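The primary structure of each chain is shown beneath.
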Amino acid sequence: MRDYALTRPARRGLAAIAVLAVLALAGFAAMTAIAPPAERATSAPATEFSAARAFTQVRTIATTTHPAGSPANDRVRDHLVETLRGLGLSPEVQDTVTVQGGQLSSSAGGTGLARVRNVVTLIPGTASTGRIFLVAHYDSAQVGPGGNDDAAGTATILETARALTSGDGLRNDVVLVLTDAEEACLCGAKAFVDQHPLAQEGGVVLNFEARGSSGPAIMFETSEGNSRLVEAYGQVPSPVGTSFAVEIYRLLPNDTDFTPFLDAGRFLGLNSAYIDGAAVYHAPTDTPEAMDRDSLQHHGDNALALTRELGGRDLTALESGGDATYFPAAGLLVRYPGALVWPLAVLALVAVAALAWLVRRQGRSTARRMIAAAGLTLIPILSAPALAQGLWALLVLIRPEYGGMPIDPYRPLWYRLAVIALAAATVLAWYALLRRRIGPAALAVAGFGWLAVLGVVLAAVTPGGAYVATLPALAGALAGLVAIHVPDGVAVAVIAAGAAVAMVILLPTVWMLFPALGMPMAGVGAFLTVLLGLALLPVADLIHPAAGGARGMEALRARRLGAVPTLAAVLAVLACTVTGLAVDRFDAKHPSLTHLMYALDADNNTARWLSEEAEPQEWTAQYVSGSPEPVTASLPAFGDEKLRSGPAPAFADLPAPNLTLVADTRSGDTRTLRVRLTPQRAARFVTLHVSHETKVFSATVGGQPVETTGEAGGGWNFGIVFHAPPQEGVEVELTVHGTGPVRFRAMDASDNVTEVPGFKPRPEGVGVLGSHSSEMVAVAKTYSL
C-alpha cells in the first residue's frame, strides 16, 4: 500500500524532529500559562500583594483547629477584627442564628442551623455604582487547622484590604465578608446574604477557597451570564480559568460559600481556588507549612487586580450578556461569546467532512476505509480510560491505604504521568497496528471526526466545554485541507500549527483536571489525553516509517521501527508507576488516613466504635469489623449512611444532652411544645429528632422558622442539626398532631475520641481522615415529653 498520509515530507526524520520541537514549545508555553507566579517578599511595594506578608496572617489564623463555636475560633475572629481596625476600617461582627436547610446535613433528614459570627467591614467607594464582596471563611474543619482551607482565602482578603487602603480609593464600595461556619453548613454566608443590610441590594461576589495546598488559583465557578465578568477577569496578571471547569462544577454536588450568594439570585460573581495537593484537605496535615506560597501569591495577585478592575467599572453594566467560552493560553484568557459555540461546532463538522471528501477525491483513502477507521477509533477512546482505571485499581491493590485517600495521594505527579503515558501507548499501539491496513489519512480524518462529533455533543450538554473538542477538530481539519494543497515542506509547518492548537488547549485541560477529579477518576484524564492523541495523529504519522512500499525484510524492519513509539510509551508507564510507588510512601508527615468515631447510647449505657472506611485499615480494624450497616435507629443524624461498628467500653463520664420542657400548650388535637436542648459538655453540634409516630406541622429553632419535611429513617422523622450551640442551649418550638407523649432523640457531638477509654494512639505514619465526623464522640439519649 502506498503512503496515503496528509503530508509526505522527503526528509521524514528531520520533519518529525522539527514538528516535535514545535509541539514541545507549545506544550511548555501552555503549562507555563497555568503555573502560579513566584511568591513576592515582604519588601514588595505597599500597593502590591505579597504572599510573604499574607503568610504571616496564615500562621496566626491556622495555629490550631478552630471550628465554628470553639474558643480557638473566637481568638481567630478577635485577630481579624483587630487587624482590620489596624487598617483604619470599622469591622463589625454579625452575630446571629441562620437556617441552611437540607444542605447543612443532608444525611440528617431534617434542617440544619448554626450560630454564626461573621466579620464584615466596608471600604467605601468614591462614587459607587454597586458593591464588590470579597468572601472567604475563617473557620476550619474540626480535625485540621485549615492552613489552606481557608486561612489562604482569609489571608488573601486581609492582604488585599491592606493594599487597597494603601493606595487611591476605588470608585465602587468593597465589602469584606469573613464568614463563620462554612465547614459546618455554609451558614455564615447564608446569614450574611439573608440578614445583613449590605447584602440586600446584591452586587459582585469574589469568593476565595482552597481544596489543597498547591497549584494555580483556578477560577472554576461563575454566575450565569458571565461574559462581562469573564472579560474583567481576563485583565488580571495570571488568569487561569476555563468554561469547561465551570460546566463540570455545575454538574457536581459540591458547594462553597459562593452557593448562598448565587441562590439568592441578586449577585453576580466568580469563585476561585487552588486545588492540587488535596491529600491535606480537611486533615491535620493542612498546616501553614504545607502551603505552596506561590499559590497564595496567585490568589492574591488575581484578587487585588480583579478588585481594582471591577472597582473602577460601572457594575450595573455587568448584568447583561450570556455565558462566555474561555480558556488560558500564553498568559492570556482566550474567550469568545457563547453564541459562537454552535456555529463553531457545525463548522468543525463541515471542515472534517470537506477533508474527508478531499482525501477520497485525491485517492488518499476510500469511503470504506474512512468508515472503518471511524469505527476502529472507538478502540482507544474506550480502552484507554478503562486501562487507566485499572492502573489505579492495581495501585490500590499494591498500596491499600490509597483506598482511604479522599481525592489524591500525597505525591500524585508520577501517577498522573503514568496515566498520560498509558493513554499515549494505547493510541500509538492502535495507530501502529492500523496505519498500514487502513491508511494514515483515513485514521487522521476519523480522529478529527470524533473530535468534531464530541464537540457537537458538548455544545448540546455543556456548551462551555465544547471548545476542548471543537477547536482541535477545526484546527486539525483546516490544517489538513491546506496541507494537501501545498508543498510537503510547507505542509509539515501547517500540520504542526494545527497540532499546536490542540496542544495549547488540551494539555492544560488534562493537567488541571487531574487534581480536580483525583486519581480515582484517572479514566477521565486518560480520555482527554486520547482526544489530544487523536488531534495529533498527523504528527504521530511522522514518527513512524512511511506507510506502504516496503517488502520482505524492509517491511519487517519498518514494522519494528513502527513499534518503537509504542514501546517507549509502555516503558514510560512502567517507569512512572514504579517511581510513583517509590516516591509516594506514607510517613509521619504524609500519613495514611483513618476514620474512627465513638458513640454512646445513654438509654442503656452501651457504646460502640464506628468507621466510614470502605475497607478498614490495619489500625482501624482493631476497633470495627463486619459489613457496613445503617446506624439510624440510635443515631438518626447519620441518616442512611452505613458504617462499620465494633463494641466499645462505656464511658460513664460522658453526659447526654439535656432536653427540658419549657412550655406545653394543647388545643384540640394539636399540641405546641417548647423545649430546650442543652449540651452538658463542649459540643461542636447538637441534634434533635422526633419519632415517626408524631406528625410535626411547624417548628422554630432559635427563633428561626424551619421546614418540617424530610425523614431521617430508622423510626425517626423531623430533625435538626444545630452547629456551634450556645452554652445556654437551643430553644425549639414544635406544633404536632395529637396530645399524647412525644418521643425525641437528642444527640451531641465533640471531637475528642482520643480521650475515650479503650482508644489506642495511632502509630507513626497513620493519621486522621479529613471527614466531618472524624474523631467524633457522640452521645445520644431518648426523651418522652
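About the cut-offs
- Residue positions are given per chain, counted from 1 along the sequence in the order it is written.
- Residues qualify for local features only when their pLDDT is at least 70, as the model is predicted, and side-chain atom pairs are given and counted only at 80 or more; totals for whole chains, interfaces and linings, by contrast, use all residues.
- Excluding hydrogens and water, the side-chain values take into account all heavy atoms of the structure.
- Segments assigned H or I by DSSP are reported as helices when at least four residues long, segments assigned E as strands when at least two residues long, and all are numbered from the N terminus.
- C-alpha atoms define the radius of gyration in this analysis, and the globule rule sets the expected value at 2.2 Å times the number of residues to the power 0.38.
- The buried label goes to any residue with under 20% of its type's maximum accessible area, the exposed label to any with over 50%, and the partly exposed label to all in between, with areas taken from a 1.4 Å probe on protein chains only.
- In this description, contact between two residues means that some pair of their heavy atoms is separated by no more than 4.5 Å.
- Per-residue accessibility takes into account occlusion by the displayed protein chains alone, with areas from the Shrake-Rupley method and a 1.4 Å probe.
- Counting rule for charge: Lys and Arg are taken as positive, Asp and Glu as negative, and neither His nor the chain ends is counted.
- The location of each charge is read from NZ of Lys, CZ of Arg, CG of Asp or CD of Glu.
- By definition, a salt bridge exists where a carboxyl oxygen of Asp or Glu is found within 4 Å of a side-chain nitrogen of Lys or Arg.
- For two strands to be treated as a pair, DSSP must find at least two bridges joining them.
- Lines fitted to C-alpha atoms define the axes, with helix axes restricted to the stretch in contact, and inter-axis angles between N-to-C directions lie between 0 and 180 degrees.
- For patch detection, residues must exceed 30% relative accessible area and be free of salt bridges, and they are connected within 9 Å for like charges or within 5 Å for nonpolar side chains (Val, Leu, Ile, Met, Phe, Trp, Tyr).
- Polar contact is defined as a pair of N or O atoms within 3.5 Å, subject to the rule that within protein one atom must be able to donate a hydrogen and the other to accept it, and that residues adjacent in sequence are counted only when both atoms are side-chain atoms.
- Aromatic rings from Phe, Tyr and Trp, taking only the six-membered ring of Trp, are treated as a pair when their centres fall within 6.5 Å; an angle between ring planes under 30 degrees marks them as stacked, one over 60 as edge-to-face, and anything in between as tilted.
- Method remark: on a 1 Å grid restricted to protein atoms, a set of points is classed as a cavity if a 1.4 Å probe fits but cannot get out and as a pocket if it is open with protein on both sides within 12 Å along at least five of seven lines; lining residues have an atom within 4 Å of a point.
- Grid points are joined across faces, edges and corners, and a volume is the space filled by probe spheres set on the points.
- Residue classes follow a fixed rule: Ala, Val, Leu, Ile, Met, Phe, Trp, Tyr, Cys and Pro count as nonpolar, while Asp, Glu, Lys and Arg count as charged, and any other residue, Gly among them, counts as polar.
- You can read pLDDT as the predictor saying how much it trusts each residue, on a scale of 0 to 100.
- By the definition adopted for this analysis, an angle is roughly parallel if under 35 degrees, roughly antiparallel if over 145, roughly perpendicular if from 65 to 115, and oblique otherwise.
- By this rule the span expected of a helix is its residue count minus one, scaled by 1.5 Å.
- The hand of a helix crossing depends on one turn: near helix anticlockwise from the far one by less than a right angle means left-handed, and clockwise means right-handed.

(A) Summary view of the overall build of the chain. The number of helices and strands found in the chain is 20 helices and 24 strands. A globule of 785 residues ought to have a C-alpha radius of gyration of about 28 Å, and the chain, at 30 Å, matches this closely. Expressed as lengths along the three principal axes of its C-alpha atoms, the size of the chain is roughly 95 × 65 × 55 Å. In the chain, buried positions account for 59% of the 785 residues. A separation of at least 24 residues holds for 81% of the contacts in the chain among residues at least 6 apart in sequence. Carbon and sulfur atoms provide 58% of the accessible area of the chain, an area that totals close to 29,400 Å². When the 56 basic and 67 acidic side-chain charges of the chain are each reduced to a single mean position, those positions are 12 Å apart.

(B) Summary view of the pattern of salt bridges. Inspection of the entire model under this criterion finds 29 salt bridges. Between aspartate 173 and arginine 131 there is a salt bridge, with its nearest N and O atoms 3.6 Å apart. Residue aspartate 173 is found in strand E4 (residues 173–179), and its partner arginine 131 is found in strand E3 (residues 131–137); the two are separated by 42 residues along the sequence. For the pair aspartate 173 and arginine 131, one class covers both residues: buried. With its nearest N and O atoms 2.7 Å apart, the salt bridge here joins aspartate 603 to arginine 745.

(C) Focus on the sheet that holds strand E21 (residues 730–737). Ordered in space as E15-E16-E21-E18-E19, the 5 strands form an open sheet in which the pairing is antiparallel. Every interior strand has two partners, whereas the edge strands, strand E15 (658–667) and strand E19 (704–706), have only one. Strand-to-strand, the axes of this sheet are offset by a mean angle of 20 degrees, without reference to chain direction. Where E15 and strand E16 (residues 670–678) come together, 9 bridges link them in antiparallel fashion. The residue bridging aspartate 664 from the neighbouring strand is leucine 673, located in E16.

(D) The arrangement of a nonpolar patch on the surface in detail. Taken together, the side chains of Trp342, Val346, Leu347 and Val350 present a nonpolar region at the surface, about 360 Å² in accessible area. With respect to the helices and strands, leucine 347 occurs in helix H11 (residues 341–361). Leucine 347 sits in the partly exposed class, given a relative accessible area of 43%.

(E) Fine view of the side chain of threonine 632. Along the chain, threonine 632 turns up in the loop between strand E13 (625–630) and strand E14 (642–648). For threonine 632, a relative accessible area of 7% gives the class buried. At 2.4 Å, the side chain of threonine 632 forms a polar contact with the backbone oxygen of glycine 639. In contact with threonine 632, other than residues within four places in its own chain, are Gly639, Asp640, Ala712, Gly713, Gly714 and Trp716.

(F) Spotlight on the packing of aromatic side chains. Per the counting criterion, the structure on display carries 17 aromatic pairs. A ring pair is formed by phenylalanine 220 and tyrosine 249, whose centres lie 4.8 Å apart and whose planes are at 70 degrees; its orientation type is edge-to-face. Of this pair, phenylalanine 220 sits in strand E6 (residues 218–222) while tyrosine 249 sits in helix H8 (residues 243–251); the two residues are 29 residues apart in sequence, bridging distant segments of the chain. Taking the relative accessible area as the measure of exposure, tyrosine 249 reaches 12% and is therefore buried. Aromatic pair tryptophan 619 and phenylalanine 759: ring centres 5.7 Å apart, planes at 70 degrees, arrangement edge-to-face. Of the two residues, tryptophan 619 sits in the loop between strand E12 (606–611) and E13 while phenylalanine 759 sits in the loop between strand E22 (743–750) and strand E23 (766–768), which places them 140 residues apart along the sequence. Both residues of the pair, tryptophan 619 and phenylalanine 759, count as buried. Joined through ring pairs, the aromatic side chains of Trp392, Tyr402, Tyr410, Tyr415 and Phe586 make up one cluster.

(G) Local environment of the layout of surface pockets. Of the pockets and cavities examined, the second largest pocket occupies roughly 740 Å³. If you list the elements that add at least two residues to the lining of the second largest pocket, you get helix H1 (12–32), helix H14 (413–438), helix H17 (488–517), helix H18 (522–535), helix H19 (537–542) and helix H20 (552–583). Ranked by the residues each element gives to the lining of the second largest pocket, the list is headed by H14, at 6 residues. Classifying every residue of the lining of the second largest pocket gives 23 nonpolar, 3 polar and no charged.

(H) The confidence of the model for the chain, seen in detail. Overall, the predicted model of the chain reaches an average pLDDT of 93, with 96% of residues at or above 70. Across residues 101–107, confidence stays below pLDDT 50; counting only partners more than four residues off in sequence or on other chains, it has 21 contacts.

(I) Spotlight on the packing of H17 against H18. Closest axis-to-axis distance for the H17/H18 pair is 9 Å, and the angle between their directions is 175 degrees. Classified by the angle between their axes, H17 and H18 sit roughly antiparallel to one another. Listed contacts from H18 to Ala502, Met503, Leu506, Thr509, Val510, Leu513, Phe514 and Leu517 of H17 are Val524, Gly525, Leu528, Thr529, Leu531, Leu532 and Ala535. Here the residues of the contact of H17 with H18 sort into 12 nonpolar, 3 polar and no charged.

(J) Quick look at H11. For H11, spanning 21 residues, the distance from its first C-alpha to its last is 30 Å, which sits close to the expected 30 Å at 1.5 Å a residue. Lining the buried residues of H11 we find strand E8 (324–329), strand E9 (332–337), helix H12 (367–376), helix H15 (440–461) and helix H16 (467–485). One or two residues past the end of H11 sits glycine 363, with phi positive at roughly 75 degrees.

(K) Representation of unusual backbone geometry. The linkage connecting aspartate 149 with the following residue, aspartate 150, adopts the cis geometry, with an omega of 5 degrees. As for its placement among the helices and strands, aspartate 150 is situated in the loop between E3 and helix H4 (151–165). A positive phi angle is found at glutamate 775, which is not glycine, with a value near 65 degrees. Mapped onto the fold, glutamate 775 is located in the loop between E23 and strand E24 (777–784). For glutamate 775, a relative accessible area of 8% gives the class buried.

(L) View of the pairing of E14. Of the pairings in the sheet, the one linking E12 to E14 comprises 5 bridges and is antiparallel in character. Bridge pairing in E14 links alanine 607 to alanine 648.

(M) Main features of the packing of H12 against H14. At a minimum axis distance of 11 Å, the contact between H12 and H14 shows a crossing angle of 165 degrees. Of the possible angle classes, the one that applies to H12 and H14 is roughly antiparallel. The handedness of the crossing between H12 and H14 comes out as right-handed. Facing Arg369, Ala372, Ala373 and Leu376 of H12, the residues of H14 in contact are Trp430, Leu434, Arg437 and Ile438. Classifying every residue of the contact of H12 with H14 gives 6 nonpolar, no polar and 2 charged.

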